[in-house]
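An overview of the molecular structure
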Amino acid sequence: MPDLIPQPIVEWLEQQSLTLNAIQTLSGGCVADTCKLSLQSSKGARLELVLKQMPTGSSESLAAEATGLQFLRLSEAGALRVPEVILQEENCLLLEYLSPAARSVDFDDQLAIGLALQHRHQNTRFGFSLDTFCGGTRQPNQWQGDGFCFYAQQRYQTLAQQCLEQGLMTPELFDRLLILSESLSRWVPQQSAVLLHGDLWSGNVLSGPRGEPALIDPSVYYGWAEAELAMTQMFGGFSQRFYQVYLHHSEMLPDWRSRVDLYNLYHYLNHLLLFGGAYHRDVERIVQYYSG
């Protein structure tokens, strides 16, 4: 067995009487090392699995990802396909490999309807049973009854504080961002806490074996549906057909796009924290608009 396969996976493969035939590096992740394992059983059956490893040796983010995938898959709101979790041990995660096929003709419709159904799964509180991770950043999820307080304290202010401590923003910008975060109710309508993927950009939506939409790399929590839709607008966005069908099958307010930048301020802060100054301009622009 090659050295790059961690010992917990080696032991699991031996227990399952599986032989490793090939390893293929997979692209797409910026946090974990990801590869496809081509396996064969003692009876000759072939199987492909995805192995994710954290190079730093930390297991917490992969444990959170596994919990999120299982929750999306097994909850009553599991309307969209997610890969099955096979094993999570130490700093590695073994998943079902979804062999990609060409998108079905109704791919966008399936994605929109499935997400709308997922967003019908509500909670009386905002947060989740554990902290999750958006990229490499811890996403606090302490349960809170008030959505405005939840987003102010556990999203905007948490990241702004980290950016300030790392010299990525000035104290003046930090102070203005704090004021903005405490005033969310001026612009954001009251919304229920619904089940979110939490990191829903186009790179985390795959086409499955039958051309169906499948979600990967979640940062699950209960939050505002508008915040989830806003993130789909980053990095190119989804098709107009997707948004039309989603709005038809949900209770989303028709003016939700007017709040996209405000919601995505959280993700711009996260990108500033992860990747540096290139995102400072976006943070400053949004803060200036809402507090200028």
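Report follows, based on the coordinates.

The rules we used
Residues numbered from 1 in each chain as written. Predicted model: local features only at pLDDT ≥ 70, side-chain atom pairs only at ≥ 80, totals over all residues. Heavy atoms only, no water. 1 Å grid on protein atoms, 1.4 Å probe; cavity = no way out; pocket = protein on both sides within 12 Å on 5 of 7 lines; lining within 4 Å. Points joined across faces, edges and corners; volume = space filled by probe spheres on them. Nonpolar A, V, L, I, M, F, W, Y, C, P; charged D, E, K, R; others polar. Axes fitted to C-alpha atoms, helices over the stretch in contact; angles between N-to-C directions. Helix = DSSP H or I, 4+ residues; strand = E, 2+ residues; numbered from the N terminus. Parallel < 35°, antiparallel > 145°, perpendicular 65-115°, else oblique. Left-handed = near helix turned anticlockwise from the far one by under 90°. Contact = heavy atoms within 4.5 Å. Salt bridge = Lys/Arg side-chain N within 4 Å of Asp/Glu carboxyl O.

This part covers the layout of surface pockets. Remark: the empty space left among the atoms is shown by a probe the size of a water molecule rolled over them. In this structure, the second largest pocket spans a volume of roughly 360 Å³. Lining the second largest pocket are 17 residues, with Gln122, Val194, Ala225, Glu251 and Met252 positioned closest to its centre. Grouping the amino acids of the lining of the second largest pocket by side-chain chemistry returns seven nonpolar, seven polar and three charged.

We now examine the packing of helix α5 (residues 171-181) against helix α9 (residues 280-291). Across the interface, α5 lies against α9 with an axial gap of 10 Å and an inter-helix angle of 55 degrees. The angle between α5 and α9 places the two elements in the oblique class. Between α5 and α9 lies a crossing whose hand is left-handed. Between α5 and α9, the contacting residues are Leu173, Arg176, Leu177 and Leu180 on the first element and His280, Val283, Glu284, Val287, Gln288, Tyr290 and Ser291 on the second.

Inspection of the entire model under this criterion finds 15 salt bridges. The shortest N-O distance in the salt bridge between Glu60 and Arg138 comes to 2.7 Å. Of this pair, Glu60 sits in helix α2 (residues 60-74) while Arg138 sits in strand β8 (residues 137-139); the two residues are 78 residues apart in sequence, bridging distant segments of the chain. With a shortest N-O distance of 2.8 Å, Glu212 and Arg81 are connected by a salt bridge.

It is at 9 Å that the axes of helix α8 (residues 260-275) and α9 come closest, and there the two elements cross at 150 degrees. Our classification of the angle between α8 and α9 gives roughly antiparallel. Our pair here, α8 against α9, has a crossing hand that is left-handed. Here α8 contributes Asp261, Leu262, Leu265, Tyr268, Leu269 and Leu272 to the contact with α9, which in turn contributes His280, Asp282, Val283, Arg285, Ile286, Val287 and Tyr290. A class-by-class count of the residues in the contact of α8 with α9 yields nine nonpolar, one polar and three charged.

Shape is all these values report; function is a separate question.
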